[in-house]
Amino acid sequence: MRDFLSLLEKRGQLRRIKAEVNPDLELAAISDRVLGLGGPALLFENVIGSSMPVAINLLGTLERVVWSMGLKNAEELEDIGQKLALLQQPRPPKGLNETREFAGLLWDLIKARPDLDLIPPCHQKVLLEDAVNLDELPLLRPWPRDAGGVITLGLVITKDPETNVPNVGVYRLQRQTSTTMSVHWLSVRGGARHLQKAAAMGQDLEVAVAIGVHPLLVMAAATPIPIQLSEWLFAGLYAGEGVRLAKCKTVDLKVPSHSEVVLEGRITPGETIQDGPFGDHMGFYGGIEESPLIRFHCITQRRDPIFLTTFSGRPPKEEAMLAIALNRIYTPILRQQIPEIVDFFLPMEALSYKLAIISIEKSYPGQAKRAAMAFWSALPQFTYTKFVVVVDSNINVRDPRQVVWAISSQVDPQRDLFVLKDTPFDSLDFASEHIGLGGRLAIDATTKIGPEKNHQWGERLTRDKELESKIDSRWHELGLSDLKNKEPDPHLFGYVMDQLVSLQQTPCN
Ligand SMILES: Cc1cc2nc3c(=O)[nH]c(=O)nc-3n(C[C@H](O)[C@H](O)[C@H](O)COP(=O)(O)O)c2cc1C
């Protein structure tokens, strides 16, 4: 994480804040404003109640997420996705190019193997039993009705009690006492599955929480990996080199050796406590849930640790930036599953998963409906996508002007909408009648062909390419070279809103 902070500072994307700030509500409120302004990462150096500085908003822009992965632009995220797609469906390579690609991937996997550090920085200070005090951590409480202080960007590490294969996930932890926290993991998560197994075997489950790791490791832990691959190896694949790990002091688990703080503890199956409410990514407070309790008996840390955190809420937030990057990584896998999909986009304003716009190379009637159904079942993370808009491949899914045009000009609502009833529904989504069960809608905004229409369609307005190139070459001569095409912001559907607002603000004479 320190390397990344240095990189941000060098690129003018880190602001140090020396003024005293309260981790209770104030710190998140300041960070939220800075994030909303597209501002830099923040390092709060004087946090009330703790000697640790707080790093936040590190992944507050897509650009910084891309940097954290050692890339130059968002397009390169698809190269990583390409490797994943190859790993997910390996088949004998055809021809020289594919053989080279496959050999490259194997070499990448060899380079990605984790390494063990014997004297790791995270062991510079070791606090055992009575010396453990979670109140020395600058735990944020982001929203006024939140139940307590939280750890939001910790890697929660457990291992399968049967196979010893580790799982690394990012799950919210709530402070309960100075030595205990509850963990909020959904029942499908790796950690929850390990706890179920430990319970069946009559054992406690060991847990380590690594705080202040390189954002790339956060990305790897938050990626729903489609294949049987250890998260450490996966992180190494992201990084292009193996992750350096350290053995924990008191539990049989490994953590990133450069972590700032590591909490070591245990869960006794069946021991639960009320967790929540907390502000969530939908923009509402979630409910109170009985959740497993972790008892911590050891903290290891660097001499001068920095606490890495973030908070949830309605987009834009750091988690939304992460989701944009992850969706980009998933594009090649989606194309592999549904070959007719040319591109797809999940606008951040729709929480990066509620609404999908997909473009297809349409060649037969009814294909848009098939593509929508295929999309919903392609990957687990699309289970809760409520709306799918299908457009032709010549529509830029990231340009709201083109998408809205396609909906307006190609859709007859009585023919082109279809609703599926009583499907799985995000339990954090209050919009449905019943929690966990609701509908979903597909809009076919493609050009209608064959039996889909009963009459002649008007001819589309176009100009010859030659004329357009001629005008391009004359643009300067015409004295218009200061006028350039404004690219739509690919990540904000709000682009259209910005245009409308600025129009409304223009005085009418
Ligand atoms: C900032 C952030 C907070 C998250 N909080 C939670 C959480 O509280 N509970 C949860 O189940 N998943 C949470 N997630 C999602 C999981 O980390 C993610 O789905 C991950 O892939 C789960 O890993 P697993 O499948 O190995 O359990 C969060 C993700 C991020 C980026």
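As a reminder, the structure under discussion sits directly above these lines.
Residues numbered from 1 in each chain as written. Predicted model: local features only at pLDDT ≥ 70, side-chain atom pairs only at ≥ 80, totals over all residues.

I'd love a proper account of the pairing of strand E11 (residues 205-211), names of residues and values included.
Taking burial as the measure, the 7 residues of E11 include 7 buried ones, the bulk of the element. Neither face of E11 is open: one carries Leu 205, Val 207, Val 209 and Ile 211, the other Glu 206, Ala 208 and Ala 210, and all of them are buried. Where strand E7 (residues 155-159) meets E11, 3 bridges bridge the pair, whose relative direction is antiparallel. Within the sheet, the bridge partner assigned to Leu 155 lies in E11 and is Ala 210. Pairing between E11 and strand E14 (residues 261-267): 7 bridges, direction antiparallel. Bridged to Val 207 within E14 is Gly 265. (Buried ≥ 20, exposed ≤ 12 C-beta atoms within 10 Å, placed from the backbone. Helix = DSSP H or I, 4+ residues; strand = E, 2+ residues; numbered from the N terminus. Pairing = 2+ DSSP bridges.)

Before we move on, could you go through the environment of Ile 288 and cite the residues and values that matter?
Of note, Ile 288 is situated in the loop between strand E15 (272-275) and strand E16 (289-301). Using a count of 12 C-beta atoms within 10 Å as the deciding quantity, one classes Ile 288 as exposed. Residues Ile 288 and Gly 438, spaced 150 residues apart in sequence, show a C-alpha to C-alpha distance of 22 Å. With sequence-adjacent residues up to four places away left out, Ile 288 is seen in contact with Gln 274, Asp 275, Gly 276 and Pro 277. (Contact = placed C-beta atoms within 7 Å.)

Break down the site of the ligand for me, with residues and values.
In the vicinity of the ligand lie 19 residues, with Gly 169, Val 170, Arg 172, Arg 189 and Gly 190 positioned nearest. When residues of the shell around the ligand are assigned to their parent elements, the largest contribution, 3 residues, is made by strand E8 (residues 166-170). Grouping the constituent residues of the shell around the ligand by class yields 8 nonpolar, 8 polar and 3 charged. (Near = placed C-beta within 6 Å. Nonpolar A, V, L, I, M, F, W, Y, C, P; charged D, E, K, R; others polar.)

Tell me about the environment of Met 282, and please be specific about residues and values.
You can see Met 282 is positioned in the loop between E15 and E16. Owing to 18 C-beta atoms within 10 Å, Met 282 belongs among the partly exposed residues under this scheme. In this structure, the C-alpha to C-alpha distance between Met 282 and Lys 247, residues 35 residues apart in sequence, is 37 Å. Ignoring sequence-local partners within four residues, the contact set of Met 282 consists of Leu 351, Leu 428 and Asp 429.

Give a description of unusual backbone geometry that names residues and reports values.
Leaving glycine out, the prevailing phi sign among residues is negative, and the prevailing peptide bond configuration is trans. Note that the residue after Gly 276, namely Pro 277, is joined by a cis bond; omega there is 5°. Along the chain, Pro 277 turns up in the loop between E15 and E16. Residue Leu 25 is not a glycine yet carries a positive backbone phi of 70°. Within the secondary structure, Leu 25 is located in the loop between strand E1 (14-17) and helix H2 (26-36). A residue is classified by how many C-beta atoms lie within 10 Å of it, and Leu 25, with 14 of them, is partly exposed.

How would you sum up the sheet that holds E1? Please name residues and give values.
Judged by pairing direction, the sheet is mixed, and its 4 strands sit side by side in the order E1-E2-E3-E17 without closing on themselves. Two strands close off the open sheet at either side, each with one partner strand: E1 and strand E17 (307-308). As paired strands, E1 and strand E2 (residues 41-44) are joined by 4 bridges and run parallel to one another. Its bridge partner lying in E2, Ile 17 is registered against Phe 44. Across the sheet, helix H1 (residues 2-10) lies against E1, E2 and strand E3 (54-56), angled at about 100° from E1, the strand it touches most. (Axes fitted to C-alpha atoms, helices over the stretch in contact; angles between N-to-C directions.)

Mind laying out H2, listing which residues take part and the relevant values?
Those residues of H2 lying buried are Leu 27, Ala 28, Ser 31 and Leu 35. Buried residues of H2 fall within an arc of 90° about the axis and therefore sit on the same side. Turned more than 90 degrees from where H2 packs its buried face, Arg 33 and Gly 36 sit exposed. Turning to H2, the residues buried within the fold contact E2 and E3. Looking one or two residues past H2, Gly 38 carries a phi angle of roughly 70°, positive in sign. (Arc of directions from axis to C-beta.)

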